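Given next are the chains, with one letter for each unit.
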Amino acid sequence: MSYNRSNIGSGSRSVGRNTFEFGRTYVVRPKGTHQATIVWLHAIGETGSSWTQLLESLPIPNIKWICPTAPTRPITLFGGHHSTAWFNVEGLSENATDDVEGLDASATHIVNMLSNERDDIKLGVAGFSMGAAMALYSATCRAIGQFGNGNRYPINLSVAVALSGWLPCSRIVRSRVHASREAARRAASLPVLVCHGQVDDVAEHKLGENSAEILRSSGFQNITFCSYNGLGHYTIPQEMYDVCSWLVRQMGISGYGD
């Protein structure tokens, strides 16, 4: 696979009173027949290029990876220090206030990038740490059929993958999914993979475990939780192998040298 700089999905998103300037987007193009496109979302402080080398090395030749760069914004958790981030973070506890405005701006940016794909291409969203949180938020928006602000969520996600992350707006997911039969149906049919290291000292293991359990109890029936002994806040080959195997199985695409 090769990657190149691209202007796909670049620009700004105005939500409420704030304007979010997104950075450069990188694309890892498929070597084989293009069957799926997945947006990969980086962690706080990273850029879209942070993951291109790893994604380029994965043995799935039929996936195109789109790697956008988050806006630079002040982060409350860091005392107002500016960093690339998909949304503002006050804290990682369930009682922390969720930045729905920032979440929706980034979720809209993801949708706009995936909306450019052909109708026969399967769509997914994945990420690490804060990027994983965005992937899970996108999954809940898909199930509910709406962004957090009530606007319609317009695309059909086939998968969501979250590595070392957490579920934003976890306190209201269950009630919103259970509010309609269509939301419950979409939640039940959307495959979600949650992976987490047992010794993660940034986003604790229980965050990932609790996120998976909340999604399951909210009606996400096709959810897989993978826990890794000795793994901190990073990824390892075994985890990425598991991600690849799961994607090939859930998306029905060719993989591993095809």
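Every value quoted in this text rests on a predicted model; they were computed, and no experiment measured them.

**Student:** What exactly am I supposed to notice about the confidence of the model for the protein here?
**Tutor:** Low pLDDT means the predicted atomic positions in that stretch should not be read closely. With 91% of its residues at a pLDDT of 70 or more, the protein has an overall mean of 90. Predicted confidence for residues 1–10 stays below pLDDT 50, and this span has 37 contacts to residues more than four positions away or in other chains. Scored below 50 in pLDDT, residues 13–17 makes 14 contacts in the model with residues more than four places away or belonging to other chains.

**Student:** Where do I start with the packing of helix H3 (residues 130–144) against helix H5 (residues 181–189) in this structure?
**Tutor:** Helix packing for two helices is described by the angle between their axes and how far apart those axes are. Relative orientation of the contacting elements H3 and H5 amounts to 135°, with a least axis distance of 7 Å. Looking at the two axes, H3 sits oblique to H5. Across from Arg142, Ala143 and Ile144 in H3, the residues of H5 making contact are Glu182, Ala183, Arg186 and Ala187. A class-by-class count of the residues in the contact of H3 with H5 yields four nonpolar, no polar and three charged.

**Student:** Teacher, can you tell me more about the packing of aromatic side chains here?
**Tutor:** Ring pairs (aromatic) are described by centroid distance and by the angle formed between their planes. Scanning the model with the defined rule gives six aromatic pairs in all. Ring geometry for tryptophan 40 and tryptophan 51: centres 5.2 Å apart, planes at 45°, overall tilted. Residue tryptophan 40 is found in strand S5 (residues 36–41), and its partner tryptophan 51 is found in the loop between S5 and helix H1 (52–57); the two are separated by eleven residues along the sequence. The same class applies to tryptophan 40 and to tryptophan 51, which are both buried. Here tryptophan 51 and phenylalanine 128 contribute two aromatic rings whose centre-to-centre distance is 5.3 Å and whose plane-to-plane angle is 45°, an arrangement assigned as tilted. Linking tryptophan 51 in the loop between S5 and H1 with phenylalanine 128 in strand S9 (residues 122–128), this pair joins segments that are 77 residues apart in sequence.

Parameters and conventions
Residues numbered from 1 in each chain as written. Predicted model: local features only at pLDDT ≥ 70, side-chain atom pairs only at ≥ 80, totals over all residues. Heavy atoms only, no water. pLDDT = per-residue confidence, 0-100. Contact = heavy atoms within 4.5 Å. Axes fitted to C-alpha atoms, helices over the stretch in contact; angles between N-to-C directions. Helix = DSSP H or I, 4+ residues; strand = E, 2+ residues; numbered from the N terminus. Parallel < 35°, antiparallel > 145°, perpendicular 65-115°, else oblique. Nonpolar A, V, L, I, M, F, W, Y, C, P; charged D, E, K, R; others polar. Phe/Tyr/Trp six-rings, centres within 6.5 Å; stacked < 30°, edge-to-face > 60°. Buried < 20%, exposed > 50% of the residue type's maximum accessible area, 1.4 Å probe, protein only.

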